[in-house]
Amino acid sequence: MGEQRAKVITVGLQKGGVGKSTTSGVLAYFLSREKYKVLAVDMDSQGNLTDLLTQQDIEYFEEKTVLEAFEDGSVEDYIYRVNDYLHVVPSDDYLATLAKRLYTSDEMKYITDKNLGLAGILEPVIHDYDFIVIDTPPSLSEPMVNAICASDYVIILAESSKWAFTAVPRFIETVDMAKERVNPDLEVLGILKTMNDSRRADSKAFSELIKEEWPDLCFDVIIKRKPATGRIPMEGLFDNKELSSALEQ
Ligand SMILES: Nc1ncnc2c1ncn2[C@@H]1O[C@H](COP(=O)(O)OP(=O)(O)OP(=O)(O)O)[C@@H](O)[C@H]1O
Ligand SMILES: [Mg+2]
């Protein structure tokens, strides 16, 4: 067990389909390839990050997910080891019941601050990793708030579209609230513009609006909308022959 604490990074926005699972998966994968020890935590009941990184059918993880880890008080027994550097805490559809269980189940009574459940169950392994990367659902619900409150950094994914643009300030407000109330060290690492289609005037316009509104927060790199990137769920990240072209910007 090292002295150093893992840096915990949430990839989020409450707007759906902006590339959260793809980006968190790619981030976790590349950090692990650089020989950092990475724990990827799936906080979305769709289980997309679980699928992408483990290449297992979602049924394989029945009752072995982050939801049961909340009941147990630690993720320790719910870690799937992809290789020595990349570990995953999976999720499945039942994670959709997290809010109800947090407030009504006997197993989760011990979680006194319902925003800090995830932070608490990560604590036993926090010295075992260099990075913990968390994927989130498309809503400002309990899994999202728990992810934000457990994090050192948040990466905001902003697709170049109106509904992503209008979601960003509300997301930042949620991050600010978490910072004020429970997690003073929390920082927005930046806004990553995704799904950018430079041939479309509306996409270009929203990309520019995002840059105007948050000039200091936008990363220079912009993720393009590309068929090869869209095929990552089918091809996976390991042995994906078109991965470099999928990720080249
Ligand atoms: N850069 C890209 N270019 C083209 N398609 C992409 C790109 N990034 C992701 N996709 C595809 O777009 C869809 C949405 O991406 P993804 O699932 O990563 O978004 P998400 O924000 O996690 O969605 P959700 O909010 O439902 O969790 C997926 O089918 C994915 O394969
Ligand atoms: Mg997703």
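The model shown is predicted, which means the values in this text are computed figures rather than measured ones.

**Student:** Residues and numbers for the site of ligand 1, please.
**Tutor:** In the region of ligand 1, 18 residues are neighbours, and K20, S21, T22, K224 and K226 sit closest. At 2.6 Å from an oxygen atom of ligand 1 is found a side-chain nitrogen or oxygen belonging to T22. D44 is positioned with one of its side-chain polar atoms (N or O) 3.4 Å from an oxygen atom of ligand 1. Bound to the protein, ligand 1 loses 79% of the 620 Å² it would expose on its own. Taken together, the elements giving at least two residues each to the shell around ligand 1 come down to α1 (20–33), β8 (218–224) and α9 (227–230). The dominant element in the shell around ligand 1, judged by the number of residues it contributes, is α1, at three residues. Grouping the constituent residues of the shell around ligand 1 by class yields five nonpolar, eight polar and five charged.

**Student:** A description of a negative patch on the surface should follow, citing residues and the corresponding values.
**Tutor:** Together, D51, D57, E59, E62, E63 and D93 make up a negatively charged patch on the protein surface. Within the secondary structure layout, E62 lies in the loop between α2 (48–54) and α3 (66–72).

**Student:** Give me the lowdown on the pairing of strand β5 (residues 131–135), citing residues and values where you can.
**Tutor:** Counting buried positions along β5 yields five of five residues, so the element is predominantly enclosed. What you see with β5 is no split at all: F131, V133 and D135 on one side and I132 and I134 on the other are buried throughout. As paired strands, strand β1 (residues 7–12) and β5 are joined by five bridges and run parallel to one another. When the sheet's bridge partners are listed, I9 is paired in β5 with V133. In this sheet, β5 lies alongside strand β2 (residues 38–42) in parallel orientation, the contact comprising five bridges. Note on β5: the bridge partner recorded for L39 is I132.

Analysis parameters
Residues numbered from 1 in each chain as written. Chains lettered and ligands numbered in written order. Predicted model: local features only at pLDDT ≥ 70, side-chain atom pairs only at ≥ 80, totals over all residues. Heavy atoms only, no water. Near = heavy atom within 4 Å. Polar contact = N/O pair within 3.5 Å; in protein donor to acceptor, adjacent residues only side chain to side chain. Areas by Shrake-Rupley, 256 points an atom, 1.4 Å probe, with all protein chains shown as cover. Helix = DSSP H or I, 4+ residues; strand = E, 2+ residues; numbered from the N terminus. Nonpolar A, V, L, I, M, F, W, Y, C, P; charged D, E, K, R; others polar. Patch = residues over 30% accessible without salt bridge, like charges linked within 9 Å, V, L, I, M, F, W, Y side chains within 5 Å. Salt bridge = Lys/Arg side-chain N within 4 Å of Asp/Glu carboxyl O. Lys, Arg positive; Asp, Glu negative; His and termini not counted. Charge placed at Lys NZ, Arg CZ, Asp CG, Glu CD. Buried < 20%, exposed > 50% of the residue type's maximum accessible area, 1.4 Å probe, protein only. Pairing = 2+ DSSP bridges.

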